[in-house]
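Architecture at a glance
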Amino acid sequence: ALAPSVRAAARTPGELSFYHIHTGEKLSVAFADTQGYLEDGLSEVDRFLRDFRTAEVHHIDPGVLDILNAARLALKPDGVFEVISGYRSPKTNAMLRSQGRGVAKRSLHTQGRAVDVRLRGVPTATFRKFCLKLERGGVGYYPKSDFVHVDTGRVRFW
């Protein structure tokens, strides 16, 4: 049997638009069609969500993109995701931890299984509530910094 994220991609085309708040880069990409994931699109996302501090590129779990796509379709079909953090190299993760920024030692960011984003034009609390209903992984809410963490780990929230 296919994993839920693969089944979702096989039914629903996946298109996302991003703006990276640290680099100023933009990306609009189709990452899935009705047949499944599109390798060229996934590669573009991998590069875009690279560790912007080290330029290290890592594969991003398509399940993360499925979560974002579901939120976009339900909340703001023409919405742009503002990226705070995508992939983080172990070196970057350790540096952020040493600065006391509340970064997990075994962060799923270091595995390409998490992103920190906001959906432009949608209140962060609304975006969080939608992601919680999906029950597809972890959802962290950071109202002071105005972003939501989504990952493909076990279902949990904070």
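The rules behind each value
Residues numbered from 1 in each chain as written. Predicted model: local features only at pLDDT ≥ 70, side-chain atom pairs only at ≥ 80, totals over all residues. Heavy atoms only, no water. Salt bridge = Lys/Arg side-chain N within 4 Å of Asp/Glu carboxyl O. Helix = DSSP H or I, 4+ residues; strand = E, 2+ residues; numbered from the N terminus. Buried < 20%, exposed > 50% of the residue type's maximum accessible area, 1.4 Å probe, protein only. Pairing = 2+ DSSP bridges. Axes fitted to C-alpha atoms, helices over the stretch in contact; angles between N-to-C directions. Parallel < 35°, antiparallel > 145°, perpendicular 65-115°, else oblique. Left-handed = near helix turned anticlockwise from the far one by under 90°. Contact = heavy atoms within 4.5 Å. Nonpolar A, V, L, I, M, F, W, Y, C, P; charged D, E, K, R; others polar.

Let us look at the pattern of salt bridges. Summed over all chains, the structure comprises 6 salt bridges. A salt bridge links arginine 50 to glutamate 25; the shortest N-O distance between them is 2.9 Å. In this pair, arginine 50 is assigned in the loop between helix H2 (39–48) and helix H3 (62–75) and glutamate 25 in the loop between strand E1 (14–20) and strand E2 (26–33), connecting sequence segments 25 residues apart. For arginine 50, a relative accessible area of 16% translates into the label buried. Among the residues examined, glutamate 25 registers a relative accessible area of 22% and is labelled partly exposed. The salt bridge partner of glutamate 82 is arginine 118, with a shortest N-O separation of 3.0 Å.

The next point concerns the environment of serine 145. Looking at the element boundaries, serine 145 is found in the loop between strand E6 (138–142) and strand E7 (147–151). Here the alpha-carbon distance between serine 145 and isoleucine 67, two residues 78 residues apart in the chain, equals 21 Å.

Now for the pairing of E1. Across the two faces of E1 the burial differs, with Gly14, Leu16, Phe18 and His20 buried and Glu15, Ser17 and Tyr19 not buried at all. As judged from the 6 bridges shared by E1 and E2, these two strands associate in the antiparallel manner. Each bridged residue has a counterpart across the sheet, and for glutamate 15 the counterpart in E2 is alanine 30. Hairpin connection from E1 to E2: 5 residues lie between these consecutive antiparallel strands, with glycine 24 at a positive phi of about 80°. Pairing analysis gives 3 bridges linking E1 to strand E4 (residues 81–85), with the strands arranged parallel. Looking at the pairing, phenylalanine 18 lines up with phenylalanine 81 of E4.

The subject of this paragraph is the packing of H3 against helix H5 (residues 124–134). Two quantities define a packed helix pair, namely the angle between the axes and the distance from one axis to the other. Taken N-terminus to C-terminus, the directions of H3 and H5 make an angle of 120°; their axes are 10 Å apart at the nearest point. By the angle between their axes, H3 is oblique relative to H5. Considering the relative orientation of H3 and H5, their crossing is right-handed. Mapping the contact onto sequence places Ile67, Leu68, Ala70, Ala71, Ala74 and Leu75 in H3 and Thr126, Phe127, Phe130, Cys131 and Leu134 in H5. Looking at side-chain class alone, the contact of H3 with H5 contains 10 nonpolar, 1 polar and no charged residues.

What follows covers the sheet that holds E2. Ordered in space as E3-E2-E1-E4-E5-E7-E6-E8, the 8 strands form an open sheet in which the pairing is mixed. Each of the sheet's edge strands pairs with one partner strand only, and the pair in question is strand E3 (36–37) and strand E8 (156–157). As defined by bridge partners, E6 adjoins E7 across 4 bridges and the pair is classed as antiparallel. Bridge pairing in E7 places tyrosine 141 opposite valine 148. Each of E1, E2, E3, E4, strand E5 (114–119) and E7 is contacted by H3, which is oriented at about 95° to E1, the strand it contacts most. The sheet contacts of H5 involve E4, E5, E6, E7 and E8, and relative to E6 the element is tilted by about 165°.

Moving on to the side chain of threonine 110. Of note, threonine 110 is situated in the loop between helix H4 (90–98) and E5. With a relative accessible area of 19%, threonine 110 lands in the buried category. Apart from residues lying up to four places away in sequence, threonine 110 is in contact with His58, Tyr87, Arg88, Ser89, Pro90 and Asn93.

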